[in-house]
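# Breakdown of the fold
For reference, the chains in residue letters:
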Amino acid sequence: MTVSTDALYQELILEHNRKPRNFGEIPDADRVVEGRNPLCGDEVRLSVKLDGDRITDVKFVSPPGKGCAISKASASLMTAAVKGKPAADAEALFERFHKLVRGELSEEEQRALGSLRAFAGVSKFPMRVKCASLAWHALHSALAGGAAEVTTDDRAHGPPTTEGA
Ligand code: ZN
């Protein structure tokens, strides 16, 4: 069973890599953040349009050859998941996603994540965890009004707090 499920999720990731959703730039974006994952060479530029506390639009681009399939598919699925949502909901989703890719969620919690669950398999590949969470780190910085550049390098960027507010 898990084999076919894995295959299904792998197909979903490849499909989003081939045809990423929300790929492009928002000309009048409120926030633009460049995310870098030096370990893999992934780069993603995320632009976010906000209306008060709501994410009304979010898009990303990766320069050609600067985004592996996982980082691009993750950015694609992330933008689709948070578009139209309040910032607080997007942050809560980031926390759950981060636990997902570190293998810290139960089956039931994973199921609640819908298609984002496709990345559960990366928990077996520590290097890939950074690819999968790159776009989310960029989003986090954009929403927090933080740095315009983020890196998945642990020395520069600690793990997000998992404690409740
Ligand atoms: Zn990568």
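See above for the structure.
Residues numbered from 1 in each chain as written. Predicted model: local features only at pLDDT ≥ 70, side-chain atom pairs only at ≥ 80, totals over all residues. Heavy atoms only, no water.

## As for the pattern of salt bridges
Quick reminder of the rule: Note on definitions: salt bridges are taken to be side-chain nitrogens of Lys or Arg within 4 Å of carboxyl oxygens of Asp or Glu. In this text, helices come from DSSP runs of H or I with a minimum length of four residues, and strands from runs of E with a minimum of two, each type numbered from the N-terminal end. Under the scheme applied here, a residue whose accessible area is under 20% of the maximum for its type counts as buried, over 50% as exposed, and between as partly exposed, the area being computed with a 1.4 Å probe on protein chains only.
Inspection of every chain in the model, using the stated rule, returns 12 salt bridges. Notably, a salt bridge pairs K49 with D28, separated by 3.4 Å at the nearest N-O pair. With K49 in strand β2 (residues 42–51) and D28 in the loop between α1 (2–18) and β1 (31–37), this pair connects stretches of sequence that are 21 residues apart. On the basis of relative accessible area, K49 is assigned to the partly exposed category, the value being 23%. The residue E107 makes a salt bridge to R117 at a minimum N-O spacing of 3.1 Å.

## Re the pairing of β1
Basically, it comes down to this: In this analysis, strands are considered paired if DSSP registers two or more bridges between them.
Across seven bridges, β1 lies against β2 in antiparallel orientation. Bridge pairing links V32 to S47 in β2. Linking two consecutive strands that pair antiparallel, namely β1 and β2, is a turn of four residues; a positive phi of about 90° is found at G41 within it. In the sheet, β1 pairs with strand β4 (residues 149–151) via three bridges, with the strands oriented parallel. Within the sheet, the bridge partner assigned to R36 lies in β4 and is T151.

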